[in-house]
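# Analysis of the macromolecular model
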Amino acid sequence: MTPLPDFYDDLDASLGHVWRLLEDGPRLRHNAFHMPTLATVDARGRPQVRTIVLREADSRTGTLRFHCDRRSRKAAEIAATGRAALHGYDTPGKVQIRISGPAALHTDDALAEAAWAGSLAMSRVCYGVEPGPGSELASGEAYTLPETDEAIAAGRPNFCAAVVSADAIEFLFLDRRGHRRAAWRRDGAVWTGTWLAP
Ligand SMILES: Cc1cc2nc3c(=O)[nH]c(=O)nc-3n(C[C@H](O)[C@H](O)[C@H](O)COP(=O)(O)O)c2cc1C
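Computed from a predicted model, the values in this text were never measured in an experiment.

Each value, and the rule that gives it
Residues numbered from 1 in each chain as written. Predicted model: local features only at pLDDT ≥ 70, side-chain atom pairs only at ≥ 80, totals over all residues. Heavy atoms only, no water. Phe/Tyr/Trp six-rings, centres within 6.5 Å; stacked < 30°, edge-to-face > 60°. Helix = DSSP H or I, 4+ residues; strand = E, 2+ residues; numbered from the N terminus. Buried < 20%, exposed > 50% of the residue type's maximum accessible area, 1.4 Å probe, protein only.

The full count for this structure, using the stated rule, is 7 aromatic pairs. Taking 5.1 Å as the distance between ring centres and 85° as the angle between the ring planes, the aromatic pair formed by F7 and F173 counts as edge-to-face. With F7 in the segment before α1 (11-24) and F173 in strand β8 (residues 168-173), this pair connects stretches of sequence that are 166 residues apart. Comparing F7 with F173 shows no difference in burial state: the two are buried. Here the aromatic rings of W116 and Y127 are separated by 6.2 Å at their centres, their planes lie at 70°, and the arrangement is edge-to-face. With W116 in helix α3 (residues 110-117) and Y127 in the loop between α4 (121-124) and α5 (149-153), this residue pair connects regions lying 11 residues apart in the sequence. Residue W116 is classed as buried on the basis of its relative accessible area, which comes to 9%.

Structure below.
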């Protein structure tokens, strides 16, 4: 039988494991925390979920960053509610992470500029789609993407970096010898955690 992981029955180590998984996510393609699910609530109070690419997680600030089009529904929902949640389940590691907190859209500040500068050309193309994301089309191909460098650069006003400031984290580790579930809440820089019944 595989040995129990170091974080088993250690609340602080479990939180450390959560942040390690999140911080590793952006560089580990095909990993659950590379492409977590983002949840928001729409204007009618209905939950909405979709996959996003996690661009950065920072345990020191407790923040997670992803990129989206400011014309998108997710951007409108974040702007309206000021909150978002993220979820991922890593099958090999048997770890589910749920995160929620205040969320902000950065469109024309230094953070947005750095995020745009760090984006690949193939990613920047998406922000020049016309009509905007979610628009109804008469046929599946009735949209355009920019083709020249100049046209791709013109999509910059549509780009935004969204930052979720985690204030609640929940962790579930599955193991036949006993699942472990824990939750933490953040007050300032301090995380306070507790075990939960799985
Ligand atoms: C693998 C994968 C990665 C994706 N990454 C992003 C992303 O980083 N940002 C984004 O806005 N949409 C991303 N999408 C598309 C969203 O899941 C969604 O379909 C789209 O953004 C529209 O969502 P909305 O109408 O809720 O705004 C991704 C989809 C997939 C399948």
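Further notes follow.
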